[in-house]
Amino acid sequence: MREINEIIIHCTATPEGREVSADEIRKWHKARGFKDIGYHYVIHLDGRVENGRNIEAVGAHCEGHNANSIGVVYVGGLAKDGKTPKDTRTAKQKAALKWLVGGLVVHFGASVHGHNEYSDKACPCFDVGSETWGK
């Protein structure tokens with residue numbers, strides 16, 4: 001198993017209420033030249049957690065941080081206009097994210113970050129540092 005020291009949270013940058021599957025994200029990423037979906041987990045609008053890239057494989061979600069991180073993406077992140085960044089997480093997504101990321105933090109002893117800490121993007125469109133994730 002590779003060493004994991006960071007969990008990095010993302011959003012799909014899709015409009016509020018629009019569902020997206022891991023297979024659809026995989027197609028987007030492969031069209032950009034990735035080997036597979038870049039994220040390890042996808043959190044759906046109904047709180048369902050879908051596996052993405054194998055957790056033992058290095059992700060493709062945050063340049064310079066992929067080797068030792070796990071990428072988690074929630075579906076959403078834009079207002080209904082499809083342009084304005086917005087925390088669109090449903091109550092079920094928030095609960096699933098807390099459960100998944102909290103478990104990963106406990107298991108790996110990793111720190112939790114938003115993609116926006118490493119890139120000039122709004123993603124994941126909420127303040128990751130204001131949340132409690134585990135430990």
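Residues numbered from 1 in each chain as written. Predicted model: local features only at pLDDT ≥ 70, side-chain atom pairs only at ≥ 80, totals over all residues. Heavy atoms only, no water.

1. Regarding unusual backbone geometry
For clarity, the cut-off: For helices the rule is a DSSP run of H or I covering at least 4 residues; for strands it is a run of E covering at least 2, with both sets numbered from the N terminus onward. Burial status follows relative accessibility: with a 1.4 Å probe on protein chains alone, a residue under 20% of its type maximum counts as buried, one over 50% as exposed, and anything between as partly exposed.
The amide bond that connects Cys123 to the next residue, Pro124, takes the cis arrangement and shows omega of 15°. Among the secondary structure elements, Pro124 is positioned in the segment after β7 (111-114). For Cys125, which is not glycine, the phi dihedral falls at a positive 70°. Inspection of the secondary structure assignment puts Cys125 in the segment after β7. Of the residues examined, Cys125 reaches a relative accessible area of 15% and is grouped as buried.

2. Observations concerning the pattern of salt bridges
In a structure, side chains of opposite charge can pair up when their charged atoms sit close to one another. Heads up, the rule is: Criterion for a salt bridge: a side-chain nitrogen of Lys or Arg within 4 Å of a carboxyl oxygen of Asp or Glu.
Tallied over the full model, the rule gives 7 salt bridges. Between Arg26 and Asp36 there is a salt bridge whose closest N-O contact spans 2.6 Å. Of this pair, Arg26 sits in helix α1 (residues 22-31) while Asp36 sits in the loop between α1 and β3 (41-43); the two residues are 10 residues apart in sequence, bridging distant segments of the chain. The class of Asp36 is partly exposed, set by a relative accessible area of 22%. The partner of Arg89 in a salt bridge is Glu131, with the nearest N and O atoms 3.4 Å apart. With Arg89 in the loop between β6 (77-78) and α2 (91-108) and Glu131 in the segment after β7, the pair connects residues that are 42 residues apart, well separated along the chain. Arg89 gets classed as buried once you look at its relative accessible area, which sits at 9%. A residue is classified by how much of its surface remains accessible, and Glu131, at 27% relative accessible area, is partly exposed. Because the salt bridges share partners, they merge into one network encompassing Asp23, Arg26 and Asp36.

3. Digging into the nonpolar core
This is how the line gets drawn: To form a nonpolar core, buried Ala, Val, Leu, Ile, Met, Phe, Trp, Tyr and Cys residues must be joined to one another through side-chain atoms within 4.5 Å. We call two residues in contact when some of their heavy atoms are within 4.5 Å.
Counting residues in hydrophobic clusters, the biggest one holds 22 residues, and the most contacted among them are Ile7, Ile9, Val72, Leu97, Val101, Val112 and Trp133. Elements represented by at least two residues in this core include exactly β1 (6-11), β3, β5 (69-74) and α2. Per-element accounting of this core gives the leading share, 6 residues, to α2. Dropping the residues within four chain positions of it, Val72 is found in contact with Ile7, Ile8, Ile9, His10, Tyr41, Ile43, Leu97, Leu100, Val101 and Leu104. Core analysis: the second largest hydrophobic core is formed by 9 residues, Val20, Tyr39, Val42 and Val75 among them.

4. A closer look at the side chain of Gln93
Looking at where Gln93 falls in the secondary structure, it is placed in helix α2. When residues no more than four places from it in sequence are discounted, the contact partners of Gln93 are Ile43, His44, Leu45, Gly47, Tyr74, Val75 and Thr88.

5. Side note on α1
What counts, and what does not: The directions from the helix axis to the C-beta atoms form the arc being described.
Taken residue by residue, α1 has Ala22, Ile25, Arg26 and His29 as its buried positions. Along the axis of α1, the buried positions cluster into a sector of 105°, meaning they face one direction only. Among the exposed residues of α1, those pointing more than 90 degrees away from its buried face are Lys27 and Ala31. Elements in contact with the buried residues of α1: β3, β4 (49-51) and β5. Looking at the residues trailing α1, positive phi occurs at Gly33, about 95°.

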